[in-house]
Amino acid sequence: METEIELKFFVSPEFSSQLLKKIAEAKVLQQSRRELGNVYFDTPDQILRQHDIGLRIRRFDDVFVQTLKTAGRVVAGLHQRPEYNAETNCTDPDLALHPADAWPEGFDVDSTQQQLAPLFSTDFTRQQWLVAMPDGSQVELAFDQGEVSANGQTSPICEVELELKSGQTDALFTLARELCVDGGMRLGNLSKAARGYRLAAGYQGDEVAPLAPVKLDGSESVEAVFVKTLEHALGHWHYHEQIFAECQEPAALVQIQQALGLLRQTLVTFGGMIPRRASALLRQELQWLEGELDWLGEAAGLDYLLAEKGHALKKLNARKQLVKQLEEVQADLPDDNEMLLLLSSARYCGLLLDLSRWLLSRGWQPFLDDKSRARLAEPIKCFADNMLARSWQELLDVFPAERQLNRVDYLDQQPRLVRNLMSGLSFASLYEDDKRLVFRMPWLDLLQGIDDLRHLEPIRQLLDQQDDEEERSQIEKWLQRKEESLIHAMDQTRQMGIELVPYWP
């Protein structure tokens, strides 16, 4: 049994020339070119897939190799999976070729063997180079071009894979960083097998999903929860990146924005033990990417105002003119192609690589003192109680019951409210769902109210462009009525939230 450790990237066919230039600068120990044919097998109810197991027979030259890959771990394109290989002399799978301890406990190998059938195939040309790294590690670099086939349907393959053959995992990231310096690479979470299963099922893609609580069992240390939360946010980010890359769904970008918020808030929440200097470059790059997506809030407001040909503006005499002006503003926002270029840019790819590397290498540990190490080793519950209490006090300070808040107050405090709600997601699994959800509901409603308030901002920005004094006065009064109604409802919601009893001790 071997543990396959590799980075996968999706690229365009044109990337090959860029890749060859980089390889010319590397120390190549071996190189080859092969035509590879792979058939993947499973049962009618996909029992292997249910256990996160992949079974294939690969053909190259006159050799057949049966490979079993069992459940592993994926963090931002880095795949770590146990792998069992056995030579065979035919295209019929034989599960007896793999050791008994390769299978999950209680797995019925004999029954599965009897039901196996071909499910899909992958056929591609692989150009392969074995690269010697400066630290003595050896990395196999492969460029694959071909297609996945299932049920008469095909999907193209164009990928770069870096697999660690010997040495340190860090060498993978070093080489990846060198390859992505000119852009054109996007880290891939979907393996060829995963794409084959999707094609066989006629599945067109994943759906956008809200950011869920981090799954904890309460027995973890503070440091373990820190890692879990960062990996959770990174997984959410990468999941929605794939959705946007496939179908340019704008809501997927919003979820990437949410993931970035959780990443940054996690670094703040645990900042009392993990010094800021340990993550300085990461925080700088996360802030850059958040800036690149900052237009999404404005886009949401424009979508609301322009829906149904500006139905929200139906009572305004200047409706047609406003719609035209809003459409001009909307046209200046980044489009799908610009976002796709961002997702394959060198800086974006470098950020994901650096985050993954920092997590896997525990890049904060060299910055810790003995006191911080001891605190990170403590059970999570007490830390979570203290952080939630501190977060709650911050909310009370900025949303005090006795103070009347105006539009600017609410808009200014939106980032703080988002950060506090993010903190609650990190520790949610440690508390009773019912109590937690009741406590969070008014604050989520308040956040929605602030979003609704922000949706009116594009109209406010256009006020100075209205030449007709009467129409401008009408728009100002319309804005005032809308904002007063929202703020009244938000004030009531805020009071409800303040009066609730916290769900933590």
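Residues numbered from 1 in each chain as written. Predicted model: local features only at pLDDT ≥ 70, side-chain atom pairs only at ≥ 80, totals over all residues. Heavy atoms only, no water.

- The protein goes by Inorganic triphosphatase in an unreviewed UniProt entry, where it is assigned to Photobacterium pectinilyticum.

**Observations concerning a positive patch on the surface**
Then, number 1: A surface patch of like charges, here positive, comprises Lys314, Lys315, Lys477, Arg481 and Lys482.
Then, number 2: Along the chain, Lys315 falls in the loop between helix H9 (295-310) and helix H10 (319-331).
Then, number 3: According to the relative accessible area criterion, Lys315 is exposed, its value standing at 62%. (Patch = residues over 30% accessible without salt bridge, like charges linked within 9 Å, V, L, I, M, F, W, Y side chains within 5 Å. Areas by Shrake-Rupley, 256 points an atom, 1.4 Å probe, with all protein chains shown as cover. Salt bridge = Lys/Arg side-chain N within 4 Å of Asp/Glu carboxyl O. Lys, Arg positive; Asp, Glu negative; His and termini not counted. Charge placed at Lys NZ, Arg CZ, Asp CG, Glu CD. Helix = DSSP H or I, 4+ residues; strand = E, 2+ residues; numbered from the N terminus. Buried < 20%, exposed > 50% of the residue type's maximum accessible area, 1.4 Å probe, protein only.)

**Quick notes on the packing of aromatic side chains**
Then, number 1: In total, this model carries 19 aromatic pairs according to the counting rule given.
Then, number 2: Geometrically, the ring pair formed by Tyr431 and Tyr503 is edge-to-face, given 5.3 Å between the ring centres and 75° between the ring planes. Placement of the pair is Tyr431 in the loop between helix H15 (407-427) and helix H16 (433-454) and Tyr503 in the segment after helix H18 (469-499), with a sequence separation of 72 residues.
Then, number 3: Taking the relative accessible area as the measure of exposure, Tyr431 reaches 9% and is therefore buried.
Then, number 4: One aromatic cluster in this structure is built from Trp392, Phe399, Tyr410, Tyr431, Phe439, Trp443, Tyr503 and Trp504. (Phe/Tyr/Trp six-rings, centres within 6.5 Å; stacked < 30°, edge-to-face > 60°.)

**Focus: the UniProt feature "domain: CHAD" (unreviewed entry) in the protein**
Then, number 1: If you check UniProt for "domain: CHAD" (unreviewed entry), the listed places come out as residues 219-484 in our numbering.
Then, number 2: End-to-end, the C-alpha atoms of residues 219-484 are 47 Å apart, and along that stretch the chain is 76% helix and 0% strand. (UniProt positions renumbered as here; feature names shortened; annotations may be inferred.)

**Side note on the side chain of Thr67**
Then, number 1: Relative to the helices and strands, Thr67 is located in strand S4 (residues 63-69).
Then, number 2: Thr67 sits in the buried class, given a relative accessible area of 2%.
Then, number 3: For Thr67, the side chain forms a polar contact with the side chain of Asn85, separated by 2.6 Å.
Then, number 4: Once residues within four sequence positions are removed from consideration, Thr67 is found in contact with Gly54, Leu55, Arg56, Glu83, Tyr84, Asn85 and His98. (Polar contact = N/O pair within 3.5 Å; in protein donor to acceptor, adjacent residues only side chain to side chain. Contact = heavy atoms within 4.5 Å.)

**A word on the pairing of S4**
Then, number 1: Of all seven residues making up S4, five are buried, and the element is well covered by its neighbours.
Then, number 2: By the bridge criterion, seven bridges tie strand S3 (residues 54-60) to S4 in an arrangement that is antiparallel. Looking at S4, one finds that Leu55 is bridged to Leu68.
Then, number 3: Linking two consecutive strands that pair antiparallel, namely S3 and S4, is a turn of two residues; a positive phi of about 55° is found at Asp61 within it.
Then, number 4: Bridge analysis of S4 against strand S6 (residues 78-88) gives six bridges, and the strand direction is antiparallel. (Pairing = 2+ DSSP bridges.)

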